[in-house]
Amino acid sequence: MKGKVSVCCCFFILFLLLSELTGFIATEVKECERNREDKVLSCYRKRVNELYVEDPDKDSSGKIEVTLNISLPNLHCELIGLDIQDEMGRHEIGHIDNSVKIPLNNGDGCRFESHFSINKIPGNFHVSTHSATAQPQNPDMTHVIHKLSFGDQLQAQKIRGSFNALEGADKLSSNPLASHDYILKIVPTVYEDMSGKQQYPFQYTVANKEYVVYSHTGRITPAIWFRYDLTPITLKYIERRQPLYRFITTICAIIGGTFTVAGIFDSCIFTASEAWKKIQLGKMQ
């Protein structure tokens, strides 16, 4: 019987050791908020009341990199342009730097990809026909958004957050003459990996509406608007591995606890076995 208990204990210890080893090797990501003095990190799901206002990426010169990838299957590429505006007075019509237009549907549609920067102040950028030399009579703004992201492109997996919240947004069944408003609330984020290297992506939440606008001169040319504002709160993710001392302590606890419980179990079995033998021999009343 002792041999069976020992074998079971060995298998149990091996199972727990492998489980702990897997947990030790794997990295964990802590979600943290700093206090306004930037000294104390409150991590995991714990929340603190003190928040801080700070630009996490001081080397960005007040800019945020934006990546936009959108398809308009019913609008010719030569009609599509990107306009950028903000509260500092920037008003750029027909942004073309780092932009690519790929014809779709035998040239009837277009996939528009652009990489540009915006200032860290409220503003908007929009896809429209405003920069076209000739305005179409009935521009069709139905679209699918493949990607809209801000800041560094985060490669980490299993991170909760909306770094590409509009991915897959499908407005192909919308009114072709409608404008689309996407209202974005951008959250500065810091991601620190195991080596201490930091990345600066931006999460965002989104609300949207679509509408057809008319003025006294007639219908206003539709567009796809992305209106953004930044929150003053910075969220930080820290990638860490379980400390070695904790791993060793857990292993010792597993081995010691298992053998202790096994000893108690074996003792109980032995005592019960001896009592049963005595009963069979008629030595116990």
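The structure presented is a predicted model; accordingly, all values stated were derived computationally and were not measured. (Residues numbered from 1 in each chain as written. Predicted model: local features only at pLDDT ≥ 70, side-chain atom pairs only at ≥ 80, totals over all residues. Heavy atoms only, no water.)

Some remarks on the overall build of the protein chain
Line of reasoning, step 1. Each helix and strand counted, the protein chain has two helices and 17 strands in total.
Line of reasoning, step 2. Per-residue burial for the protein chain yields a buried fraction of 37% across its 285 residues. (Helix = DSSP H or I, 4+ residues; strand = E, 2+ residues; numbered from the N terminus. Buried < 20%, exposed > 50% of the residue type's maximum accessible area, 1.4 Å probe, protein only.)

A closer look at the state of the cysteines
Line of reasoning, step 1. Going through the model one piece at a time under the given rule, you end up with one disulfide.
Line of reasoning, step 2. Disulfide partner of Cys77: Cys110, at an S-S distance of 2.2 Å. Here the disulfide of Cys77 and Cys110 is right-handed, its torsion about the S-S bond being about 100°. One end of the pair, Cys77, is in the loop between β3 (63-72) and β4 (81-86); the other, Cys110, is in strand β7 (residues 109-119), and 33 residues separate them in sequence. (Disulfide = S-S within 2.5 Å.)

Focus on the pairing of β7
Line of reasoning, step 1. As paired elements, β3 and β7 share 10 bridges and run antiparallel to each other. Across the sheet, the residue bridging to Ile70 is Phe112, located in β7.
Line of reasoning, step 2. Here strand β6 (residues 99-104) pairs with β7 via six bridges, running antiparallel. Looking at β7, one finds that Lys101 is bridged to Phe112.
Line of reasoning, step 3. The turn joining β6 and β7, which pair antiparallel and follow one another in sequence, is formed by four residues; a positive phi near 55° is taken by Asn105. (Pairing = 2+ DSSP bridges.)

Considerations on the environment of Phe163
Line of reasoning, step 1. Examined against the element boundaries, Phe163 turns out to sit in the loop between β9 (144-151) and β10 (169-170).
Line of reasoning, step 2. Dropping the residues within four chain positions of it, Phe163 is found in contact with Leu148, Ser149, Leu154, Thr189, Pro201, Phe202, Gln203, Tyr204 and Tyr237. (Contact = heavy atoms within 4.5 Å.)

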